[in-house]
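So you can see what is in the structure, the chains are spelled out below.
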Amino acid sequence: MSAMPWHVQRSGDGPPLVLLHGWAMHGGVFDLLLPRLQANWTLHRVDLPGHGLSPAGTLQLDDLAASLADHFGAAHWLGWSLGGLVALQLALDHPQQVRSLSLVGASPRFTTAADWTCAVDGSVFAQFAQALEQDVGRTLERFLALETLGAEHAQDERHWLRQLLQRVPTPSADVLTEGLQLLQSTDLRGRLPELRCPNLWLGGRRDRLVPPAALEWAAGTAPNGRAVILDQAAHAPFIGRPDAFAETLADFLEAAGTR
């Protein structure tokens, strides 16, 4: 196991579960899961390069996947949104290091194409990238509004996410732009049949970034895939419905033979 140059928060006891956050956030976004999971799992909440308390570094998917696999070894992996792309790349490139894979509000392709309508138009991320050049803070606020749009308690979720962002230094515009480029350009649909681990695609029915249809398609395409859609939840179901989310995740991990 190699040294990890990024900030990692570790808590709990049991098999390792590595948690990867989404764009502009940090590992603290999973705080609500701690009291619900740490009795049975060792949770490793990673700050990706240039996010949270981690130093800047590459956000290239293959490099990220290689570094994480080398550091943590065989583990259970959960990725939310952008973190889901990282976790999926890791499972495809380093299958021996992945006992199970949970993708939350994540899709193998986040933007639309001629053969893919289960996504947002690529111009959405391009507009956010352009806005970053003018005002990072305002752009992040707009993204929080999009992430929580449709949630049962959208204002509360947005307030909670805003507080999380204020706990750590704001990622640089360059880091944020690189992350948006990943969301805009990555397409891993063709590699889903390569997955060999149990995989869960978990999202909110009201998600405006990753429609439930994308999760259902991915679960039906990947071997050993399963999709669960939580009602009244949006892009961050572990915030909007933490009890239902944790119960669903724990059931999946148990069924995947993690205990």
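Residues numbered from 1 in each chain as written. Predicted model: local features only at pLDDT ≥ 70, side-chain atom pairs only at ≥ 80, totals over all residues. Heavy atoms only, no water.

A. Helix 5 (residues 136-148), seen in detail. In this model, helix 5 (13 residues) spans 19 Å end to end at C-alpha, consistent with the 18 Å of a helix rising 1.5 Å per residue. Residues T139, L140, F143, L144, E147 and T148 constitute the buried set of helix 5. End-on view of helix 5: buried residues confined to an arc of 165°, all on one side of the axis. Residues of helix 5 that are buried sit in contact with strand 4 (75-80), helix 4 (122-132), helix 6 (154-166) and helix 7 (173-185). In this structure D135 caps helix 5, since a side-chain oxygen of it lies 3.1 Å from the backbone nitrogen of G137. After helix 5 finishes, the residue G150 shows a positive phi value of roughly 95°. (Helix = DSSP H or I, 4+ residues; strand = E, 2+ residues; numbered from the N terminus. Expected span 1.5 Å × (residues − 1). Buried < 20%, exposed > 50% of the residue type's maximum accessible area, 1.4 Å probe, protein only. Arc of directions from axis to C-beta. Contact = heavy atoms within 4.5 Å. Polar contact = N/O pair within 3.5 Å; in protein donor to acceptor, adjacent residues only side chain to side chain.)

B. Main features of the side chain of T139. Position of T139 relative to the elements: it lies in helix 5. Among the residues examined, T139 registers a relative accessible area of 2% and is labelled buried. Residue contacts for T139: discarding those within four places in its chain leaves F128, A131 and L132.

C. Examining the packing of aromatic side chains more closely. Taken as a whole and assessed by the stated rule, the structure comprises 7 aromatic pairs. Measuring from centroid to centroid gives 5.7 Å for F238 and F245, while their planes differ by 70°, and the two rings are edge-to-face. Each member of the pair, F238 as well as F245, is classed as buried. One aromatic cluster is present, built from ring pairs that chain together F30, W80, F238 and F245. The side chain of R142 reaches across the aromatic face of F128, ending 4.8 Å from its centre. (Phe/Tyr/Trp six-rings, centres within 6.5 Å; stacked < 30°, edge-to-face > 60°. Lys NZ or Arg CZ within 6 Å of the ring centre and 35° of its normal.)

D. Spatial organisation of the pattern of salt bridges. All told, the structure shown has 10 salt bridges when counted by the stated rule. Between R109 and D187 there is a salt bridge whose closest N-O contact spans 3.0 Å. In this pair, R109 is assigned in the loop between strand 5 (98-104) and helix 4 and D187 in the loop between helix 7 and strand 6 (199-204), connecting sequence segments 78 residues apart. The partly exposed category is assigned to D187, whose relative accessible area is 31%. With a closest N to O distance of 3.3 Å, D115 and R189 form a salt bridge. Of the two residues, D115 sits in the loop between strand 5 and helix 4 while R189 sits in the loop between helix 7 and strand 6, which places them 74 residues apart along the sequence. Residue classification places R189 among the buried positions, given a relative accessible area of 12%. In the salt-bridge network here, residues are joined through shared partners; they are R109, D115, D187 and R189. (Salt bridge = Lys/Arg side-chain N within 4 Å of Asp/Glu carboxyl O.)

E. Structural context of the sheet that holds strand 6. Strand order in the open sheet formed by 7 strands is 1-3-2-4-5-6-7, with mixed pairing between adjacent strands. The outermost strands of the open sheet, each flanked by one partner alone, are strand 1 (8-12) and strand 7 (225-230). When the angles between neighbouring strand axes are averaged without regard to direction, this sheet yields 20°. Looking at chain direction, strand 4 and strand 5 are connected through 6 bridges and run parallel. Residue pairing for strand 5: G79 is matched across the bridge by L103. Against the sheet, helix 3 (residues 82-93) contacts strand 2 (16-20), strand 4, strand 5 and strand 6, and its axis sits at roughly 155° relative to strand 5. (Pairing = 2+ DSSP bridges. Axes fitted to C-alpha atoms, helices over the stretch in contact; angles between N-to-C directions.)

F. Molecular detail of helix 2 (residues 61-72). An ideal rise of 1.5 Å per residue puts 16 Å on 12 residues; helix 2 measures up with 16 Å between its terminal C-alpha atoms. Elements in contact with the buried residues of helix 2: strand 1, strand 2, strand 3 (42-46), strand 4, helix 3 and helix 7. One or two steps after helix 2, the chain reaches G73, where phi turns positive at roughly 70°.

G. Layout of the nonpolar core. With 89 residues, the main nonpolar core has W23, L68, W77, L101 and F238 as its most contacted residues. With 8 residues, the single largest contributor to this core is helix 3. (Core = buried A, V, L, I, M, F, W, Y, C linked by side-chain atoms within 4.5 Å.)

The quantities given are spatial measurements derived from coordinates; they are silent on function.
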